[in-house]
Structure formats: structure tokens, C-alpha cells
Amino acid sequence: MSQYELAVILGMTAVTFLIRYSFFALGDKVQFPPLVKRALRYVPVAVLTAIVVPMVLLPDGRQWQLDWRNAWLLGALVSAFIAWRFNHLLAAMGGGMAVFFLWRWLLA
Amino acid sequence: MTTTYHPTRHGELLQGARDSLPMLAGAAPFGIIFGTLAGPSGLSLLGAMGMSLFVFAGSSQFIALTLLSGGAGLAVIVFTTFVVNLRHALYSATLLPHVAALGQRWRIPLAFWLTDETFAVVQHRYGAADASPLKHWYHLGSSLAMYGNWIVWTLVGVLLGRSFEGLDKLGLEFAMVATFTGIVVSLLKTRPMVAAAIAAGAVALLARDMPYKLGLLLAALAGVVVGVLLEGRNATEEGQA
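Residues numbered from 1 in each chain as written. Chains lettered and ligands numbered in written order. Predicted model: local features only at pLDDT ≥ 70, side-chain atom pairs only at ≥ 80, totals over all residues. Heavy atoms only, no water.

An unreviewed UniProt entry annotates chain B as AzlC family ABC transporter permease of Chitinimonas prasina. Among the UniProt annotations of chain B, the heading Subcellular location (unreviewed entry) holds the following wording: "Cell membrane". (UniProt positions renumbered as here; feature names shortened; annotations may be inferred.)

Going by an unreviewed UniProt entry, chain A carries the name Membrane protein and comes from Chitinimonas prasina.

The following block contains the structure:
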């Protein structure tokens, strides 16, 4: 491993860890104000939706695919429906994946 | 996914790993592809393994490969890594209330292992109704599973070289989509929450071409702002009624 590689890895490790540890470092020494606490409750929904929506509507990263041939969209809709109707996460994951792979296989 | 409740450390640890299973499958092709691309991008075997062992952040590792093969300087790579991984600060802040009481020997490793996948899985567990004092063992279980998985698949990729072409077309990443979708829907209990999801999704689409995953950060911010504003308005209306 060259010195340059070593420097790249060390640099990337340092910034990544500092970001991840930024708030954990505070521990119980700090109490977030109520507004911040309220805001943080929206982070999971906001981030996860922001990750999923483009993956589902533009599976190749470039083109919109708003039709029934889109296995990503269909699979995600099935996952969403199972989670909403039965409130069972494992079933939502399994059901969505089954439909996704089945659909790709059928359309292939 | 935590319908069976294990009140032991061991049980929480295993459950955390088990609940991360779809994420492990989803991360595997990325680990392999990262490993196979490392060599051609100018990273040695040790360098590729070192990156997965110490940086442990998939998307920034991929971007680093692109930058390395393009001959980018150290500062550019480190700064790009910073921007791409900035969303983890949000996770760190969100999970803080759940780990604040733990000692540094817990908080440091749990921070090191914080990924999109583990965040999604553990915030769901921390939010579960039971008041188990051992939920950090669940967190540890998910973290260790994701870490071991990433290292193993990176190594497989490095060893197999280019022979695994087409793996990225299998669609294993859908496991992540299915899991995240299920988690999001289970969280959509109030109108501000639904509005936050719609805002985040819309901004993510509009800003999808922004470099360095900045669109993701912007979308998350939009969702949070919309949720907080709506919740504030609902609260005032109820207060006045």
C-alpha cells in the first residue's frame, strides 16, 4: 500500500468517524431544545423516503419509469401496502421482494 | 419485525443481526463491486480492505474510487467524503437520546458502525413500545452484522476480480428499498409525518442530479421543516379550539 493510499484512507476514516460520532460524543451532557427534539423525530421518515423515492421511480438513475413494468415501483407499493394494512415489517419486506423478483422474472 | 421479544443481551444481539438480514443481502453486491473495482481504480488489495475496515461507508468508498482513478488530490477526496457522509450527523443526533446514557466504550464503536441501514433498523427498535434496557445490544447486533458482511464481501470482490460482472443487475439492492419502504410506512401515523415524507420525496426527485448526495441532504431537510411547521400549526389550532 502506497503512502498516498494510506493518507486517503486515514483522511476518509477521520472525517467519517467525526461526523458519526459528532452527537454521540455529547452524551447526556447536552439536552436538545424542544424544537430540535421535535425536528429529529422527522429525520427517519424524511431521510428514508428521500433515499427510496428516486430509486423506485428512476431505477436506472436517469429515466422516469412510471408504468406497471417497473418492478421497483410495484415491489415498493406491495411493501407499503403490507406495512400499512398488516403493520408487519418482515412480511412487508418479504412480500415486496417476492413481487419484485417475480415481476422481473416474468418480464425478462 | 420485533414481534418476538428477547429480554436477554444475547437475544437482543441476535435479533438485531437477524433484522438486518435484508440489508446484508442488499449490501453484498455493493461490497463485491467495490472490491472488484478497487484494483482497476488504483487501490491495492490492502488499500481496498483498509477502506472497508476503517472508513466503512459504501457510497463514499465508491466515490473515492472514481476520484482516485481520475487522479484527484487528497484534499478533494477527503472533502467529498465529508459532504457525502454528512447525513450521518443527522443519524447521530437522532439516536443520541437512546445512547446518551451509555459509556464511551459503547458510544465510540456504535458511532463508528453507524450506517444508513443500521440507522433504519435500530431507530425502529428504539421506537418500539417495550421499555427494554438492552436495546443497545440490538444496535450492536445490527452494527456487527453489517460490518462483518461488508468486509467479507469486499474481500470476495477483491479476490474474484472482474469475474463477477452483471451482479449489479440482479437487483439485490431492492432488499433495501423494501425494508426502508416498510419502515417509513409504519412511521406515517400523523398528518405532519405524511407531509414530511411527501416533501422529502419530492425534493429528492427534484434535486437528484446534485453532486455528492447533496440532494439527499436537502430532501431530508425539506421533510423535517415541513413536518415541524405542520405539527406546530396543528398544535396551535388545537390549543385555540
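Let us keep going from here.
With respect to the pattern of salt bridges
Applying the stated rule across the entire model yields five salt bridges over all chains. Where aspartate 116 of chain B meets arginine 87 of chain B, a salt bridge forms, and the shortest distance between an N and an O atom there is 2.8 Å. Highlighted residues: aspartate 116 of chain B in helix α8 (residues 116-126) and arginine 87 of chain B in helix α6 (residues 87-99), separated in sequence by 29 residues. An identical accessibility class is assigned to aspartate 116 of chain B and arginine 87 of chain B; each is buried. One salt bridge in this structure joins aspartate 130 of chain B and arginine 125 of chain B, with 2.9 Å as the shortest N-O distance. Arginine 125 of chain B gets classed as buried once you look at its relative accessible area, which sits at 2%. When salt bridges with common partners are traced through the structure, they connect Arg38 and Arg41 of chain A together with Glu231 of chain B into a single cluster. (Salt bridge = Lys/Arg side-chain N within 4 Å of Asp/Glu carboxyl O. Helix = DSSP H or I, 4+ residues; strand = E, 2+ residues; numbered from the N terminus. Buried < 20%, exposed > 50% of the residue type's maximum accessible area, 1.4 Å probe, protein only.)

Description of the packing of aromatic side chains
One pass over the structure, following the stated rule, counts 18 aromatic pairs over all chains. Ring centres of tryptophan 72 of chain A and phenylalanine 100 of chain A lie 5.1 Å apart, and the angle between their planes is 75 degrees; this geometry places the pair in the edge-to-face category. Linking tryptophan 72 of chain A in helix α4 (residues 71-86) with phenylalanine 100 of chain A in helix α5 (residues 89-107), this pair joins segments that are 28 residues apart in sequence. Overall, phenylalanine 100 of chain A belongs to the buried group, its relative accessible area being 0%. Seen in terms of ring centroids, phenylalanine 100 of chain A and phenylalanine 101 of chain A are 4.9 Å apart; in terms of plane orientation they differ by 80 degrees. Their pairing is edge-to-face. Phenylalanine 101 of chain A sits in the partly exposed class, given a relative accessible area of 32%. The rings of Trp72, Phe100 and Phe101 of chain A together with Phe174 of chain B are connected pair by pair, giving a single aromatic cluster. Of note, arginine 85 of chain A hangs over the ring of phenylalanine 86 of chain A, and the distance from its end group to the ring centre comes to 5.2 Å. (Phe/Tyr/Trp six-rings, centres within 6.5 Å; stacked < 30°, edge-to-face > 60°. Lys NZ or Arg CZ within 6 Å of the ring centre and 35° of its normal.)

What to know about the interface of chain B and chain A
The accessible area lost on association of the parts is a frequent measure of interface size. If you look at the interface, chain B gives 91 residues, while chain A gives 66 residues. Of all residues in chain B, the largest losses of buried area upon contact with chain A belong to Leu96, Phe174 and Leu205 of chain B, amounting jointly to 9% of the total for that side. Across the chain B-chain A interface, the total number found is two salt bridges. Between glutamate 231 of chain B and arginine 38 of chain A there is a salt bridge; the shortest N-O distance is 3.4 Å. Element by element, the count of residues in the side of chain B that touches chain A is highest for helix α10 (residues 174-187) of chain B, at 14 residues. (Contact = heavy atoms within 4.5 Å. Buried area = accessible area lost by both parts, 1.4 Å probe.)

Examining the packing of helix α3 (residues 45-55) of chain B against helix α4 (residues 58-69) of chain B
Residues and elements named next belong to chain B. At a minimum axis distance of 11 Å, the contact between α3 and α4 shows a crossing angle of 145 degrees. Crossing geometry of α3 relative to α4 is assigned as right-handed. Contact residues: α3 offers Met51, Ser52 and Val55, while α4 offers Ser60, Gln61, Ala64 and Leu68. Looking at the contact of α3 with α4, its residues break down into four nonpolar, three polar and no charged. (Axes fitted to C-alpha atoms, helices over the stretch in contact; angles between N-to-C directions. Left-handed = near helix turned anticlockwise from the far one by under 90°. Nonpolar A, V, L, I, M, F, W, Y, C, P; charged D, E, K, R; others polar.)

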